[in-house]
Each structure stands twice: as structure tokens, then as C-alpha cells.
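# Analysis of the macromolecular model
Residues per chain are reported as follows:
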Amino acid sequence: MRDFIGFGATPEQISDAMQDYLETGQPIFSLGFSEPGAGSDNQAMTCVTRKQEDGTYLLNGQKTWVTQGEVFPNVLVIAKDEDPARENKSMSMWIVPKDAPGLSTAPLHKIGQKVAAFCEMYFDGVVLTEDMRIGKPGEGFLNLMKNFETERCLIVAQCIGVAQAAMDDAAAYVSERTTFGKPIANYQLIQLKLTEMEIALQNSRNMLYKCLWKMDNGQSVRIDSALLKYYAGKACTMVASEALQIFGGLGYTDETRVGRMWVDLRGMQIAGGTDEIMVYIAGRQLSKKYAQR
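Summary of the structure given here. (Residues numbered from 1 in each chain as written. Predicted model: local features only at pLDDT ≥ 70, side-chain atom pairs only at ≥ 80, totals over all residues. Heavy atoms only, no water.)

Moving on, we come to the packing of aromatic side chains. A complete count under the given rule lists five aromatic pairs for this structure. Taking the centre distance of 5.8 Å and the plane angle of 55 degrees together, the rings of Trp-65 and Phe-118 count as tilted. Of this pair, Trp-65 sits in the loop between strand S3 (57-63) and strand S4 (74-81) while Phe-118 sits in strand S7 (residues 118-128), and the two are 53 residues apart along the sequence. Through successive ring pairs, a cluster of aromatic residues spans Phe-33, Phe-141 and Phe-148. Against the face of Phe-118 rests Lys-110, its NZ or CZ located 4.3 Å from the ring centre. (Phe/Tyr/Trp six-rings, centres within 6.5 Å; stacked < 30°, edge-to-face > 60°. Helix = DSSP H or I, 4+ residues; strand = E, 2+ residues; numbered from the N terminus. Lys NZ or Arg CZ within 6 Å of the ring centre and 35° of its normal.)

Inspection of the secondary structure puts Gly-102 in the loop between strand S5 (91-97) and strand S6 (103-108). Overall, the relative accessible area of 34% leaves Gly-102 in the partly exposed class. For the pair Gly-102 and Asp-124, spaced 22 residues apart in sequence, the C-alpha to C-alpha distance is 4.8 Å. In contact with Gly-102, other than residues within four places in its own chain, are Tyr-122, Phe-123, Asp-124 and Val-126. (Buried < 20%, exposed > 50% of the residue type's maximum accessible area, 1.4 Å probe, protein only. Contact = heavy atoms within 4.5 Å.)

Attention now goes to helix H6 (residues 258-268). Within H6 the residues assigned to the buried category are Val-258, Gly-259, Met-261, Leu-265 and Met-268. Down the axis of H6, the sector holding all buried residues measures 170 degrees, keeping them to one side. Buried residues belonging to H6 abut helix H3 (140-176) and helix H5 (222-247). (Arc of directions from axis to C-beta.)

Of all hydrophobic cores here, the largest spans 36 residues; its most connected members are Leu-194, Met-197, Leu-228, Val-239 and Ile-246. For this core, the elements supplying multiple residues, two or more each, are H3, helix H4 (188-216), H5 and H6. Among the elements that line this core, the one with the most residues is H3, at twelve residues. Among all residues touching Leu-194, those that are not within four sequence positions of it are Met-167, Ala-171, Val-174 and Ile-246. Counting 35 residues, the second-largest nonpolar core is a separate cluster that includes Val-66, Ile-78, Met-93 and Met-132. (Core = buried A, V, L, I, M, F, W, Y, C linked by side-chain atoms within 4.5 Å.)

Okay, the pairing of S5 next. For S5, a buried count of six out of seven residues is recorded, marking the element as mostly surrounded by other parts of the structure. Here S5 runs beside strand S8 (residues 133-134); their pairing, made up of two bridges, is antiparallel. Pairing of Trp-94 across the sheet is with Arg-133, part of S8. (Pairing = 2+ DSSP bridges.)

For Gln-269, the location among the structural elements is in the loop between H6 and helix H7 (275-291). Gln-269 gets classed as buried once you look at its relative accessible area, which sits at 10%. It is 7.6 Å that separates the C-alpha atoms of Gln-269 and Tyr-230, two residues lying 39 residues apart in sequence. Contacts of Gln-269, omitting those with residues within four sequence positions, involve Lys-229, Gly-233, Lys-234, Thr-237, Thr-274 and Asp-275.

Let us look at the packing of H5 against H6. It is at 9 Å that the axes of H5 and H6 come closest, and there the two elements cross at 160 degrees. Between H5 and H6, the crossing angle belongs to the class labelled roughly antiparallel. Where H5 crosses over H6, the two elements pack in a sense that is left-handed. Residue-level inspection shows Lys-229, Cys-236, Thr-237, Ala-240, Ser-241, Ala-243, Leu-244 and Phe-247 of H5 in contact with H6, the latter providing Val-258, Gly-259, Met-261, Trp-262, Leu-265, Arg-266 and Met-268. The class makeup of the residues in the contact of H5 with H6 is ten nonpolar, three polar and two charged. (Axes fitted to C-alpha atoms, helices over the stretch in contact; angles between N-to-C directions. Parallel < 35°, antiparallel > 145°, perpendicular 65-115°, else oblique. Left-handed = near helix turned anticlockwise from the far one by under 90°. Nonpolar A, V, L, I, M, F, W, Y, C, P; charged D, E, K, R; others polar.)

Taken together, the side chains of Glu-12, Asp-16, Asp-20 and Glu-23 define an acidic patch exposed on the protein surface. With respect to the secondary-structure elements, Asp-16 resides in helix H2 (residues 11-24). (Patch = residues over 30% accessible without salt bridge, like charges linked within 9 Å, V, L, I, M, F, W, Y side chains within 5 Å. Areas by Shrake-Rupley, 256 points an atom, 1.4 Å probe, with all protein chains shown as cover. Salt bridge = Lys/Arg side-chain N within 4 Å of Asp/Glu carboxyl O. Lys, Arg positive; Asp, Glu negative; His and termini not counted. Charge placed at Lys NZ, Arg CZ, Asp CG, Glu CD.)

On to the side chain of Gln-68. Summarising the element assignment, Gln-68 is placed in the loop between S3 and S4. Here Gln-68 falls in the buried class, since its relative accessible area comes to 16%. Not counting residues up to four positions away in its chain, the partners in contact with Gln-68 are Ser-30, Val-115, Ala-116 and Ala-117.

In C-alpha cells form, the structure reads like this:
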């Protein structure tokens, strides 16, 4: 709901959303942003709304990777205004009921994170009214970008929790598993793995705390959130991968949870902005930051 307010929702929209939330206790909207040909390259987006003579708008296009799109009652859709051309940077955000005429979905099957399903969404002449617009016309994408900084912190918090669980399992297992007559905790290669895993966890946690502290104090986290997502996403995946390696063949079965943790964490290197896009965001800003000194 905090994100909804940050998008520029009106008091009436916030009130309606809160009422729906209080009645169900569940999130009330998914986010329709990515498209088959427009993920990181957002300017390639072709989902578009066009104003009609009666003052309504027609929404046409397709969205993909919509998390919980088939579950939540509404979807926040980012669509170009009037013209789907690449040169058009004017995009608005709309809240669309999942059961709106002209909106259909198709499931997508992930290899991990099974509790939060993906789907594709198709918009075929979906009728929108002005009161369904969130924020000012043409500013939907800008509002969403601000939200991404918060989302990246939340993603990393999830990553740290999962990676810590993998560490807990692996660090306990090394004292239980024996080879050649002694616990594998005695082997320096195992000790090296645990050491690197713990460093990755502590670094990720400290970077997250710093980023959140700056955010709470009104400081820019454009660079920090990108660096955080880039480092911690990979670092936490490494922790789970090493945990799986410590378990050996057992880690590659359903008898332990470290395999599932690794698969789930691997997806986090894509969610909320890929590793490569984090480099693109941070790298450009870092060159500007140090050029000013």
C-alpha cells in the first residue's frame, strides 16, 4: 500500500484500495510492466492506451512475468499514451480489474519460487476511465522507477533470509557428516566455504542496512540500491550454491531444502532488475559521482 501511495494515487483511490485490503487481508494488485520484447529495454514497450471520443481510453497490448497476476483482483499496468512508438516516452499507470472485459491471462511455469505464480496478460480493447489512472498523465514510468529502489531493498532482504537459512543448514550439517573417520567441519576446504559464505551474508546485510538508513534519512539511494542488488543477489546465490555443494549428492535431492533455496535465489538475480542492468545504472552514476571531485 505504501507503494500505491508513492505512485501518486488520489485519496479516493487509496481509500478504495484500503477497503479492499481490509476485507481480504491480501495484496490487491499485481504489476504489469515487462513485455515479451520489453523487459530491461522499457522504451520498446508497445502496450498503449488511446483516448476515445467519449472520454474513455482503450488499452491494448500484452504484459508478461506478471507475479500473482491470476490471483490478485487488480493489476497496475504501465502503458504508453496514444503512440506505441519507441520514441514516445510518455507512459501512464492504470489500475485495471482482473475481470475487466477484454483482459485475459495465461500461466507461465517457473523453475523456482512456486508460491508466487507468473502469468501473461493480454489486453484487447480494455475500456479505462480517467479515475483508473494512477498519478499524473505521462508520469507512470517515472513513479515506477522510484519504487524500484525500494523493491530492490525488499528483494535483497528476502535473499538474505533465504541464504541465511541455507547457511544454517550447511553449517550444522558439517558437524554431523563424517568422512574418513572425522566430521567434514575439520577439513580446510569446508572451512573456506563457510568463511566465504559468512562474509557474503555479512556484507549483504551491512549494505542493505546502509541503503535503508540513507533512504530513511531522505538521501539518494540510486547508486546504493543498484550496487546492493548487484552484489547481494549474486552473493546470496553463491551462499546457497555452496550449501548445496557441502551437502554433496544429498543437496541435489528433495531430501534437503538447499536445492530449492538455490533455485529460488537464482531467480532473484533477474527480479527487480537484472545484474546487468544494475551495472548499467550504477556504472553511469559512479562515473558522474567521481568526475565531480
